[in-house]
Amino acid sequence: MNMPATNPAVEPPISEKSGWDRAIASRSFLFGAAITFLVAAMALISFFWTPFDVTNLVIANRLKSPSVQFLFGTDHFGRDIFSMIMIGARNSIAVALVAVGIGMAIGVPLGAWAAAKRGWVDEILMRTNDVVFAFPSVLSAVMITAIFGPGAINAIIAIGIFNIPVFARLTRGSALSLWSRDYILAARVSGKGATRITVEHILPNILNLLIVQGTIQFSLGILAEAGLSYLGLGAQPPMPSWGRMLSEAQTMIALAPHMAIFPGVAIILTVLGLNLMGDGLRDAFDPKLRGEN
Amino acid sequence: MSWFLTRRLVSLLVTLLFATVVIFAVLEIIPGDPARLMLGINATEEAVAALREQMGLNAPLVTRYLSWLSGLVTGDLGTSLTYSSKVSELIGERIWISLPLALLALFLSTIIAIPVGLFAAARRGKASDTGIMAATQFGIAVPNFWFALLLVYIFAVVLRWVPSGGFPGWENGFWPALLSLAMPAVSLALPQAAILSRVARSALIEVLGEDFIRTARAKGLTKNQTLWNHALRNAMIPVVTIMGLQFAFLLAGTIIIENVFYLPGLGRLVFQAITQHDLPVVQGTVLLLVATVVVINFLVDVLYAWIDPRLRSSTR
């Protein structure tokens, strides 16, 4: 598809330090980072401590509204929703993070290879990319998890596959514009091979761009995981997951609306935090966009 | 233009052909025997073997692919294993829920996003702009199915204005049917509207910095005239691109939303077909969705090239 050829963050070259300094000074980055830190901390603490044991079903406590004892109330099995959200954060973060890792680990080398080789390698890789892009991500994720069975691992694979073309396309586009630069030409003249140039000159120069995209894909991964778990295709019980909490809440919506509200707020805050961080980073690394978004 | 069109058309066909291979191959991996599935677990081995032969499941992979492909060309998508009716008929029925739903959502998202984007761009940097941008950040972070639950709680449980789900059918009157699509469409549209208004705002801000805008202002047009008559038209390229992508996303988004509202549309059809291993239905529906995405991308590209001739020479 014809996207206007803009890879603004590639030029002019900005030193990494000044970009990070600007990011730390950016309000949206700081706010986003604070939220993300809170969610990550909650997930980590849940390994050692949660207010209540979520594997313990106490029917006497079922469908309790939020109170001092149960901060976010309890579900239809009497489980503490706050504790479930803490543990659910683990699942969301792990799935989305590994899925971004898969996308980067496969997509970045493929994109860099296409940019270095051009010709038929480039053509084949980009056409394959087009095909993967043509499959709406929700649809393919549902297909993959349905074929290989529901579960966190298959959700990771399903979401990860859709990150591959995103990173491949980004890497290829940015790398292509660098390959025509004088300093790359100088490196070639001095006898460096394509792989060495890619590792030593291309990748360090597009790292910022990859980090920004990584943050965005991370937040999309959180949403995708929630959607899959909602359909029952993500992490399986008894492991709490935000999406499945929402699907369970749906049947109880008239009796206990709090069951639906808090997991949703957890998803929104996490995605919001990551998006704000990504925006802050992008603005910091790309002076042209500053103040526009 | 004709060279550009030919190139894009060939690329479209190659992508579609490639997609048919992927869909066929992926679904071949699904465990389970379709013949056994159709006859049930009590069927005798002989009956299953006979049905396998009749369904052509014993033929080599390539032969089966080619026969599926030739069926596609003539519009024959095969027969459903669970509904025992033609896949094309099933899709033909269900699409009358999903297509209006996606179109309604796209319409809602556009009529919200364009004015919001315009307003924010015109007040760039002011408090109202910052407020709108914060609201759109929030809108992007909201999962559509959670928003759907919230709508169900407010409008179906508390206020009792609309049913919480289901579809009465178009034959029972236009308005009741449309009303049952209202909440699903709003929940699909909100996050998309947030994205689209950000795109519209950025595009407008970029256009507002161009020389011809200064010229328009210099020749005496008011700020609003410039915005509506000159800036908006020129900012439409990125907006239309995102709308094209969003339509495909909305159509696929029906998989989750139709499950929230128990709407018997394409999304629910494909979801149920996948879980029931109803291969012909999955293949047909997935291919239809993928073809829609590819064709929309093609149309957006052609529209681009038509609007901006400079893009015709670029290869991608």
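Residues numbered from 1 in each chain as written. Chains lettered and ligands numbered in written order. Predicted model: local features only at pLDDT ≥ 70, side-chain atom pairs only at ≥ 80, totals over all residues.

This brings us to the overall build of chain B. When its secondary structure is counted, chain B shows 13 helices and zero strands. Listing the helices and strands of chain B from first to last along the sequence gives α-α-α-α-α-α-α-α-α-α-α-α-α. Projected onto its principal axes, the C-alpha positions of chain B cover 85 × 60 × 35 Å. Looking at chain B as a whole, 38% of its 316 residues are labelled buried. The contacts in chain B between residues at least 6 apart in sequence include a share of 71% that link residues at least 24 apart. (Helix = DSSP H or I, 4+ residues; strand = E, 2+ residues; numbered from the N terminus. Buried ≥ 20, exposed ≤ 12 C-beta atoms within 10 Å, placed from the backbone. Contact = placed C-beta atoms within 7 Å.)

With that settled, the discussion passes to the overall build of chain A. What chain A contains, in helices and strands, is ten helices and zero strands. The N-to-C order of helical and strand elements in chain A reads α-α-α-α-α-α-α-α-α-α. Taken over the C-alpha atoms alone, chain A extends approximately 75 × 45 × 35 Å along its principal axes. Put simply, chain A has 293 residues, and 51% of those count as buried. Partitioning the contacts of chain A with sequence separation of at least 6, the portion at a separation of at least 24 is 73%.

This paragraph deals with the environment of B:Phe167. Residues and elements named next belong to chain B. Tracing the backbone through its elements, the reader meets phenylalanine 167 in the loop between helix H7 (144-158) and helix H8 (174-208). Look at phenylalanine 167 and you get buried, because 21 C-beta atoms sit within 10 Å. Sequence separation between phenylalanine 167 and alanine 25 is 142 residues, and the spatial gap between their C-alpha atoms is 35 Å. Not counting the four nearest positions on each side in its chain, phenylalanine 167 is found in contact with Ile97, Ala177, Ser180, Leu263 and Pro264.

It should be kept in mind that the predicted coordinates are not to be read in detail where pLDDT is low. Residues and elements named next belong to chain A. Model confidence for chain A is summarised by a mean pLDDT of 84, while 91% of its residues fall at 70 or above. The least confident element of chain A is helix H1 (residues 16-25), whose mean pLDDT is 68; the most confident is helix H3 (residues 81-117), at 94. Within the model, the stretch residues 1-12 combines pLDDT values under 50 with 23 contacts to residues more than four positions away or in other chains. (pLDDT = per-residue confidence, 0-100.)

What follows covers the interface of chain B and chain A. Of the residues lining the interface, 44 residues belong to chain B; the matching set on chain A comes to 35 residues. Within the residue set of the side of chain B that touches chain A, elements represented by two or more residues are helix H1 (2-28), helix H6 (127-141), H7, H8, helix H11 (236-260), helix H12 (266-275) and helix H13 (279-307) of chain B. If you tally residues by element for the side of chain B that touches chain A, the top one is H13(B), at nine residues. Grouping the amino acids of the side of chain B that touches chain A by side-chain chemistry returns 34 nonpolar, eight polar and two charged. (Nonpolar A, V, L, I, M, F, W, Y, C, P; charged D, E, K, R; others polar.)

This brings us to helix H2 (residues 27-45) of chain A. Residue and element names in this part refer to chain A. Counted at 1.5 Å a residue, the expected span for H2 with its 19 residues is 27 Å, and the 27 Å between its end C-alpha atoms agrees. Taken residue by residue, H2 has Ser28, Phe29, Gly32, Thr36, Val39, Met42 and Ala43 as its buried positions. Down the axis of H2, the buried set is contained in an arc of 165 degrees. They therefore lie on one face. Turned more than 90 degrees away from the buried face of H2 sit Arg27, Ala34, Phe37, Ala41 and Ile45, all of them exposed. (Expected span 1.5 Å × (residues − 1). Arc of directions from axis to C-beta.)

Before going further, it helps to examine unusual backbone geometry. Of the consecutive residues A:Pro237 and A:Pro238, the connecting peptide bond is found in the cis state with omega at 5 degrees. Tracing the backbone through its elements, the reader meets A:Pro238 in the loop between helix H8 (194-230) and helix H9 (242-251). Phi angles above zero are rare outside glycine, and A:Arg118 is one such case at about 50 degrees. With respect to the element layout, A:Arg118 can be found in the loop between H3 and helix H4 (119-134). Positive phi, close to 50 degrees, is recorded for B:Tyr262, a residue that is not glycine.

Turning next to the packing of helix H5 (residues 87-122) of chain B against H8(B). All names here are of chain B. The interhelical angle for the contact between H5 and H8, taken along N-to-C directions, is 35 degrees, at an axis separation of 6 Å. In this structure, H5 meets H8 at a crossing whose hand is right-handed. Looking at the contact of H5 with H8, its residues break down into 24 nonpolar, five polar and one charged. (Axes fitted to C-alpha atoms, helices over the stretch in contact; angles between N-to-C directions. Left-handed = near helix turned anticlockwise from the far one by under 90°.)

Moving on, we get to the nonpolar core. By size, the foremost hydrophobic cluster in this structure holds 161 residues, and its most contacted members are A:Val142, B:Ala148 and B:Leu204. Counting residues per element, this core draws most heavily on H3(A), which supplies 17 residues. Once residues lying within four places of it in the same chain are set aside, the contact partners of A:Val142 are A:Leu231, A:Leu233, B:Ile255, B:Phe271 and B:Ile274. (Core = buried A, V, L, I, M, F, W, Y, C linked by C-beta atoms within 7 Å.)

Our next topic: the confidence of the model for chain B. Looking at chain B, the pLDDT average stands at 86 and 97% of residues meet or exceed 70. Overall fold confidence for the complex sits at a pTM of 0.86, while the interface term, ipTM, reaches 0.84.

A separate point is the environment of A:His258. Residue and element names in this part refer to chain A. Along the chain, the position of histidine 258 falls in helix H10 (residues 258-285). Remark: the alpha-carbon pair of histidine 258 and leucine 63, spanning 195 residues in sequence, is separated by 8.9 Å. Residues in contact with histidine 258, not counting those within four places in the same chain, are Ser65, Pro66, Phe72 and Gly73.

All names here are of chain B. It is the contact of H5 with H11, at a shortest axis distance of 9 Å, that shows an interaxial angle of 135 degrees. Of the possible angle classes, the one that applies to H5 and H11 is oblique. Our pair here, H5 against H11, has a crossing hand that is right-handed. Taken together, the residues of H11 that come into contact with H5 (itself represented by Ser98, Leu101, Ala102, Ala105, Leu106, Ser109 and Thr110) are Met243, Gln246, Phe247, Leu250, Leu251 and Thr254. (Parallel < 35°, antiparallel > 145°, perpendicular 65-115°, else oblique.)

Turning our attention to H9(A). Across the ten residues that make up H9(A), a large majority, seven, are buried. What H9(A) keeps buried is the set A:Trp242, A:Gly243, A:Arg244, A:Met245, A:Leu246, A:Ser247 and A:Ala249.

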